[in-house]
Amino acid sequence: MSESVNPQLRPEMAMLPTYKAGKKVDSVNGLTAYKLSSNEIAHSPLPSVVAAIVDAASEINRYPDPFTTRLNQSLSEKFSISTEHIATGTGSVGVCQQIIQAVAGDGDEVIYAWRSFEAYPIITTIAGAVSVQVPLTNDGQHDLTAMLDAITSKTRVIFVCTPNNPTGGIVTQQKLNEFLAKVPKDILVVIDEAYVEFNRDKDAIDGIATMKANSNVGVLRTFSKAYGLAGLRVGYFIGPKNVADAVRKTAVPFGVSNIAQVAAVASLEHESELFQRVDEVIEERRWFESELAKLGFKIPPSQANFVWIPMGERTEEFTKRSEGIAVSIRPFPGEGVRISIGEHLALERVIELAKEFVF
Ligand SMILES: *Cc1c(COP(=O)(O)O)cnc(C)c1O
């Protein structure tokens, strides 16, 4: 068989950045390995959620409900909004892809802050659309004024990630309101609230209320973080009816498994138990931030389940050294490291290491 000519790909394929998933490190010198690189919850799932999953396993010879009816019903009750506004997908990354495919095609523009969630550029490029990346301010905040200035006649969607991944800061309701007042109503604004459950800042956006008050705003949420279901792939969009409808059309058929659906519904039923874990994470975050501050690190305050340490040029060295203590973290070369608030022992090791990186 001749191998000299390969099938042609779309030119966009060469432009796609390679997604670096949170790296798993090996145990070193008998040290237990910990993963603080993917912003997961360190706890195992609740027994009641596992029981629902085990129960649903006996039906996996059947296709799931493509309309995720029960889940949409639970969400509708939780947020007091009709199911017509709700669309689900395979994780909120899946939903994000469905949104962009529904609103942006060849040459259309997608605006988002940078640095922000790494899936935005990938998904935008796959859709054939163009990324317009607006740099964060020096203290890691969204520059909403610059984002307004970036709007053109080709803009179709603007992502606002709050709390922002990887810097952890929030956008205030007041700033968002001023922004929304100036965004043309035919442009969709998506508030990515993957970490909203970890926010304790009263001035932060209330995404659902904002969505209800604006005809061009939608909210993106996930069961992967606070609800601890990262491995099951289920997230959702709540937004304008016509967009929710289109987001259902661009979904991978039967993408959200029945197991994911029952686990999500069970998790909503056991929210108070899950949110106790979220409270613990927040306590740990405060402790971790104060330890770093004591060492003299200037870190942006986080409202998420991770902390950003601007290590600059020392990012690679810090990351390499963290492998030596069997802790995986998420490096952004030349900029900084993002550390998920996971097991206390792992965070203690990171603090010990950080002591060697104080100027
Ligand atoms: C983790 C994350 C998501 C959600 O990911 P899924 O697991 O696909 O639901 C969405 N947005 C941001 C900013 C994230 O960090």
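For the structure, see preceding data.
The rules behind these values
Residues numbered from 1 in each chain as written. Predicted model: local features only at pLDDT ≥ 70, side-chain atom pairs only at ≥ 80, totals over all residues. Heavy atoms only, no water. Buried < 20%, exposed > 50% of the residue type's maximum accessible area, 1.4 Å probe, protein only. Helix = DSSP H or I, 4+ residues; strand = E, 2+ residues; numbered from the N terminus. Arc of directions from axis to C-beta. Contact = heavy atoms within 4.5 Å. Pairing = 2+ DSSP bridges. Axes fitted to C-alpha atoms, helices over the stretch in contact; angles between N-to-C directions. Core = buried A, V, L, I, M, F, W, Y, C linked by side-chain atoms within 4.5 Å. Domains from an automatic or database assignment. Phe/Tyr/Trp six-rings, centres within 6.5 Å; stacked < 30°, edge-to-face > 60°. Lys NZ or Arg CZ within 6 Å of the ring centre and 35° of its normal.

Draft legend 1. How the structure looks around helix H7 (residues 173–180). Among all positions of H7, only Gln173, Leu176, Phe179 and Leu180 are buried. Around the axis of H7, the buried residues are gathered within 125° of arc, so they sit on the same side. Exposed residues pointing more than 90 degrees away from the buried face of H7 are listed as Gln174 and Lys175. Its buried side turned inward, H7 meets helix H6 (144–149), strand S5 (155–161), strand S6 (188–192), helix H8 (207–213) and strand S7 (217–222).

Draft legend 2. Layout of the sheet that holds S5. Taken in spatial order, the seven strands line up as S2-S8-S7-S6-S5-S3-S4 in an open sheet, and their pairing is mixed. Strands at the two margins of the open sheet, each flanked by one partner only, are strand S2 (86–89) and strand S4 (130–135). Strand-to-strand twist in this sheet, taken as the mean axis angle between neighbours without regard to direction, amounts to 25°. Here helix H3 (residues 69–79) sits on the sheet and contacts S2, S7 and strand S8 (235–238); the angle it forms with S2, its principal contact strand, is near 130°.

Draft legend 3. Highlighting the nonpolar core. Counting residues in each nonpolar core, the largest one holds 81 residues, and the members touching the most others are Ile158, Phe179, Phe223, Phe318 and Ile339. When residues are assigned to domains, this core turns out to be shared by domain 1 (18–39 + 272–357) and domain 2 (47–269), each giving three or more. In terms of nonpolar packing, the next biggest core, distinct from the first, is built from 24 residues, Ile99, Tyr112, Cys161 and Val247 among them.

Draft legend 4. Representation of the packing of aromatic side chains in the model. Taken as a whole and assessed by the stated rule, the structure comprises 13 aromatic pairs. Relative to Phe306, the ring of Tyr195 has its centre 4.9 Å away and its plane inclined at 80°; by these criteria the two rings are edge-to-face. Residue Tyr195 is located in the loop between S6 and H8, and its partner Phe306 is located in strand S9 (residues 306–309); the two are separated by 111 residues in the primary sequence. Among the aromatic side chains, those forming a connected cluster through ring pairs are Phe79, Phe223, Tyr227, Tyr236 and Phe275. Here Arg338 stacks its cationic end above the ring of Phe306, 5.9 Å away from the centre of that ring.

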